[in-house]
Amino acid sequence: MIQAESDPHKRDEYLQRLMELPNQKWGEIIGQARQSVDFLKDQDVIRTVLNILQTNTSVASSLGTHFLSQISLIFLDMLNVYRMYSELISSSIAEGGPYASKTSYVKLLRSVKRETLKLIETFLDKAEDQPQIGKQFVPPMMDPVLGDYARNLPDARESEVLSLFATIINKYKVAMIDDVPRLFEAVFQCTLEMITKNFEDYPEHRLKFFSLLRAIATHCFAALIRLSSQQLKLVMDSIIWAFRHTERNIAETGLNLLLEMLKNFQASEFCNQFYRTYFLSIEQEIFAVLTDTFHKPGFKLHVLVLQHLFCLVECGLLTEPLWDAATVPYPYPNNGMFVREYTIKLLSTSFPNMTAAEVTQFVNGLFDSRNDLSTFKNHIRDFLVQSKEFSAQDNKDLYAEEAALQRERERQRMLSIPGLIAPNEIQDEMLDS
């Protein structure tokens, strides 16, 4: 009802009346906390704070931009509560060890932190694209949220911080470019240390971390160019680590991120410098996952990365040699010849059961078909199916894209014949889309 009201004064009055009880209770809690901060440690008070925040999140979800007056009212106090509860969580975990994070008290405190982040993310996501909203809300969050994330113990870091800043960058795009170094410094190294020890710990941080990195690469690419060579290497290592992951969502996010990075660097003034450093390692890593049967679902994206690399070396954009003259005595006439020979050696080592002639024929075929994606893809698929690793397996994932197209064509054919598909099924599909 408030959302539908067109008169801004009436709308603000209705919102004020709707939020009167939660705001009254919030004011009492903050007033008591100013007299004695210990008041906020009581479990009943923590539950009340959580309930108030959840109410605000629900209203923000419906009102979007029109929620501005309400969130402005509680925002700074909310960040102070966030900071205090975060310190309580850290001290509990520091004193009680890893098991302390499983206690009901710490879980309750963390629920308040997560709801705070969810409320801010919901509001910024639903609000119209108004730069002044970003300028009003992002700077005050830098220390309470980002600084807190960096200072915390790994078990006390909230993955919602990563998704909140991914939402902010996706929303305000290039306007956030000056904040990227601070963001990088606060979350990058410490999150990588958490997620790269194995493929299991901190599952929520994994996907949200790479979604944040993808948002930065898409909208603030210039900030990545300004990173030091060590920091850029950290970014590239993390992307390679992502597409090696056996969790499909993470591997796909890593591959999509890699494709965006490759295209952005190709169009930048650092094209030669970047590809001299990373071309061969990227090619080697992509062939490693392409020929690993655990990574079959990523086949379509593996093909796109390889096509990009082979087109790049043949189009003449790279004006410097990809090989190191100190270690490669033979001066190749161009990068295309070097990459051709490098790929033949790489695959001959990976597939010792294949003859040199078969591998050479495959690599020549890759270069010949590089400009036609369909032929290029079929050529790689045929090679994989011939190989011993794939020959005895169910390879339907390699044909997933074509199977999806076939299903869509069949559905369209059935839709064209009245009565073949029930009206409720058509309605369901419309809702899904």
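Residues numbered from 1 in each chain as written. Predicted model: local features only at pLDDT ≥ 70, side-chain atom pairs only at ≥ 80, totals over all residues. Heavy atoms only, no water.

- Under an unreviewed UniProt entry, the name given to the protein is Exportin-1 C-terminal domain-containing protein, and the source organism is Gossypium schwendimanii.
- Entered under Subcellular location (unreviewed entry) in the UniProt record, the comment concerning the protein runs "Nucleus". (UniProt positions renumbered as here; feature names shortened; annotations may be inferred.)

**Here we look at helix H14 (residues 299-315)**
Part 1: In a regular helix each residue adds 1.5 Å, so 17 residues correspond to 24 Å; H14 covers 24 Å between its end C-alpha atoms and thus fits that length.
Part 2: With twelve of 17 residues buried, H14 lies mostly within the body of the structure.
Part 3: Buried residues of H14: Phe-299, Leu-301, His-302, Val-303, Val-305, Leu-306, Gln-307, His-308, Leu-309, Phe-310, Leu-312 and Val-313, and no others. (Helix = DSSP H or I, 4+ residues; strand = E, 2+ residues; numbered from the N terminus. Expected span 1.5 Å × (residues − 1). Buried < 20%, exposed > 50% of the residue type's maximum accessible area, 1.4 Å probe, protein only.)

**Notes on helix H16 (residues 356-368)**
Part 1: Helix length check: H16 (13 residues) gives 18 Å between terminal C-alpha atoms against 18 Å at 1.5 Å per residue, within 8%.
Part 2: Restricting attention to buried positions, one finds in H16 the residues Val-359, Phe-362, Val-363, Gly-365, Leu-366 and Phe-367.
Part 3: Residues of H16 that are buried make contact with helix H13 (271-290), H14, helix H15 (335-350) and helix H17 (373-386). (Contact = heavy atoms within 4.5 Å.)

**A closer look at the environment of Pro-331**
Part 1: Its place among the elements puts Pro-331 in the loop between H14 and H15.
Part 2: Looking at Pro-331, the relative accessible area reads 60%, which means it is exposed.
Part 3: Considering only alpha carbons, one finds Pro-331 and Pro-321, ten residues apart in sequence, at a separation of 9.4 Å.

**Quick look at the packing of H15 against H16**
Part 1: The contact between H15 and H16 brings their axes to 9 Å, and the two run at 140°. By the criterion of interaxial angle, the relationship of H15 to H16 is oblique. Here the hand of the crossing between H15 and H16 comes out right-handed. Residues Gly-336, Val-339, Arg-340, Thr-343, Ile-344, Leu-347 and Ser-348 of H15 pack against Val-359, Thr-360, Phe-362, Val-363, Asn-364 and Phe-367 of H16.
Part 2: When the residues that make up the contact of H15 with H16 are grouped by side-chain class, the tally is seven nonpolar, five polar and one charged. (Axes fitted to C-alpha atoms, helices over the stretch in contact; angles between N-to-C directions. Parallel < 35°, antiparallel > 145°, perpendicular 65-115°, else oblique. Left-handed = near helix turned anticlockwise from the far one by under 90°. Nonpolar A, V, L, I, M, F, W, Y, C, P; charged D, E, K, R; others polar.)

**Comments concerning the side chain of Glu-160**
Part 1: With respect to the secondary-structure elements, Glu-160 resides in helix H7 (residues 160-172).
Part 2: You can call Glu-160 buried: its relative accessible area is 15%.
Part 3: What Glu-160 contacts, discounting residues up to four positions off in sequence, is Arg-114, Leu-117, Glu-121 and Lys-208.

**Things to note about the packing of helix H5 (residues 104-126) against H7**
Part 1: Where H5 contacts H7, the two axes come as close as 10 Å, and the packing angle between them is 10°. Regarding the angle of H5 to H7, the classification is roughly parallel. Contacts from Arg-114, Leu-117, Ile-120, Glu-121, Leu-124 and Asp-125 of H5 reach H7 at Glu-160, Val-161, Ser-163, Leu-164, Thr-167, Ile-168, Lys-171 and Tyr-172.
Part 2: Residue composition of the contact of H5 with H7, grouped by class: seven nonpolar, two polar and five charged.

**Section: empty space enclosed by the protein**
Part 1: Going through the model one piece at a time under the given rule, you end up with two cavities of 30 Å³ or more.
Part 2: Each pocket or cavity is described by its volume, and for the largest cavity that value is around 50 Å³.
Part 3: Contributing elements (two or more residues each) for the lining of the largest cavity: helix H8 (180-195) and helix H9 (203-219).
Part 4: Considering only residue class, the lining of the largest cavity consists of eight nonpolar, no polar and no charged.
Part 5: There is about 30 Å³ of room inside the second largest cavity.
Part 6: Lining the second largest cavity we find Met-142, Phe-165, Ile-169, Met-176, Asp-179, Val-180 and Leu-183. (1 Å grid on protein atoms, 1.4 Å probe; cavity = no way out; pocket = protein on both sides within 12 Å on 5 of 7 lines; lining within 4 Å. Points joined across faces, edges and corners; volume = space filled by probe spheres on them.)

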